[in-house]
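Given next are the chains, with one letter for each unit.
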Amino acid sequence: LRRAANGIVRMLLDKSLRVSLGEVVAQVVRQLPEAVRKDTLEREILDFFRDRVAFALKDRGMTYDTVDAVRATGVDDPWLPQLRARALDTIRGEQDLARLVVGFKRAANILKGVDTGALPAVSGLDWSGAEPSEKALFEAATQARESLEEARALGDFGKSLQVYLSLRDPIDAFFDGVMVMSDVPAEKERRLALLALVRSLFEPAFDP
């Protein structure tokens, strides 16, 4: 069974075939006699195929941590994690990537416990009195959102990664230039809303 599954996954990757494993497994399970079906059967089969996709990527020279990273984003369509892994491997070890991760984690930590749904939309805020680093990050994040939408529509994960890396300097400058939790309510709200925008860019990372 494992050998057959490995063969199926290799074929999908070699031919760049777009297939939803979840949909295929669901259809197969529905055809099985009711006596052999169980509530967890689909999940168990999908978990098995996810392991096979991970094995195939590692067999193609992808590192363990790269495979684990792309696996976390989902492997329903095996063609996508292969593209993600190749794109990620091209920038592994870059200092820009490490610094970007630090900046993102800092933003995420500040937003812990904050009701971001109650924050105003950044597009409706008055940026005339904002610090230069705030304005720069707002402009960079707005442009990044548009560029990421284009890259995801094309399935261009390499471009997506470059867009993320372009945010490293503006994020660093923002944290160096302002105190997010300002004593001035309007400043604090604006800066939290800006960080919420930045965080939202990373949440669907590499999704097509």
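Our structure's up above, just so we're on the same page.
We now turn to the structure provided with this report.

Definitions and cut-offs
- Residues numbered from 1 in each chain as written.
- Predicted model: local features only at pLDDT ≥ 70, side-chain atom pairs only at ≥ 80, totals over all residues.
- Heavy atoms only, no water.
- Patch = residues over 30% accessible without salt bridge, like charges linked within 9 Å, V, L, I, M, F, W, Y side chains within 5 Å.
- Areas by Shrake-Rupley, 256 points an atom, 1.4 Å probe, with all protein chains shown as cover.
- Salt bridge = Lys/Arg side-chain N within 4 Å of Asp/Glu carboxyl O.
- Helix = DSSP H or I, 4+ residues; strand = E, 2+ residues; numbered from the N terminus.
- Buried < 20%, exposed > 50% of the residue type's maximum accessible area, 1.4 Å probe, protein only.
- Core = buried A, V, L, I, M, F, W, Y, C linked by side-chain atoms within 4.5 Å.
- Axes fitted to C-alpha atoms, helices over the stretch in contact; angles between N-to-C directions.
- Parallel < 35°, antiparallel > 145°, perpendicular 65-115°, else oblique.
- Contact = heavy atoms within 4.5 Å.
- Nonpolar A, V, L, I, M, F, W, Y, C, P; charged D, E, K, R; others polar.
- Expected span 1.5 Å × (residues − 1).
- Left-handed = near helix turned anticlockwise from the far one by under 90°.

Together, I8, M11 and L17 make up a nonpolar patch on the protein surface, roughly 230 Å² of accessible area in all. Along the chain, L17 falls in the loop between helix 1 (2-14) and helix 2 (21-31). Residue classification places L17 among the partly exposed positions, given a relative accessible area of 34%.

What follows is about the pattern of salt bridges. The full count for this structure, using the stated rule, is 8 salt bridges. Close ionic contact of R60 with D14 constitutes a salt bridge, the shortest N to O distance being 2.6 Å. Remark: D14 occurs in helix 1 and R60 occurs in the loop between helix 3 (41-59) and helix 4 (64-71); sequence separation between them is 46 residues. The partner of K159 in a salt bridge is E150, and the shortest N-O contact between them spans 3.6 Å. On the basis of relative accessible area, K159 is assigned to the partly exposed category, the value being 31%. By relative accessible area, which is 44% here, E150 ends up partly exposed.

So, about the nonpolar core. Counting 38 residues, the largest nonpolar core has L167 and F174 as its most contacted members. For this core, the secondary-structure elements that each account for two or more residues are helix 5 (79-91), helix 6 (95-110), helix 7 (132-154), helix 8 (157-166), helix 9 (168-177) and helix 10 (185-202). Element by element, the count of residues in this core is highest for helix 10, at 9 residues. Judged by nonpolar contacts, the second largest core, of 19 residues, contains V25, L46, V70 and V75.

What follows concerns the packing of helix 8 against helix 9. Where helix 8 contacts helix 9, the axes come no closer than 4 Å and their chain directions differ by 25°. Put simply, helix 8 runs roughly parallel to helix 9. Here Y164, L165 and S166 of helix 8 come into contact with helix 9, specifically with R168, D169 and P170. Residues of the contact of helix 8 with helix 9, tallied by class, amount to 3 nonpolar, 1 polar and 2 charged.

Another aspect to go through is helix 10. In this model, helix 10 (18 residues) spans 26 Å end to end at C-alpha, consistent with the 26 Å of a helix rising 1.5 Å per residue. Residues R190, R191, L192, A193, L194, L195, A196, L197, V198, R199, L201 and F202 constitute the buried set of helix 10.

Secondary-structure assignment places S147 in helix 7. With residues up to four places along the chain from it excluded, the contact list for S147 reads K159 and V163.

Each full turn of the α-helix corresponds to 3.6 residues, which orients residues three or four apart in the same direction. In this model helix 3 runs 27 Å from its N-terminal to its C-terminal C-alpha over 19 residues, within 8% of the 27 Å that 1.5 Å per residue would give. Every buried residue belonging to helix 3 is among L41, L46, F49, R52, V53, A54, A56 and L57, and all of these are buried. Residues of helix 3 that are buried sit in contact with helix 1, helix 2, helix 4 and helix 5. Remark: G61 follows helix 3 within two positions and exhibits a positive phi of approximately 95°.

Attention now moves to the packing of helix 2 against helix 3. Relative orientation of the contacting elements helix 2 and helix 3 amounts to 140°, with a least axis distance of 10 Å. Relative to helix 3, the element helix 2 lies oblique. Crossing hand, helix 2 versus helix 3: right-handed. In this structure, helix 2 uses L21, G22, V25, A26 and V29 to contact helix 3, whose residues at the interface are L41, E42, I45, L46, F49 and V53. Tallied by class, residues from the contact of helix 2 with helix 3 come to 9 nonpolar, 1 polar and 1 charged.

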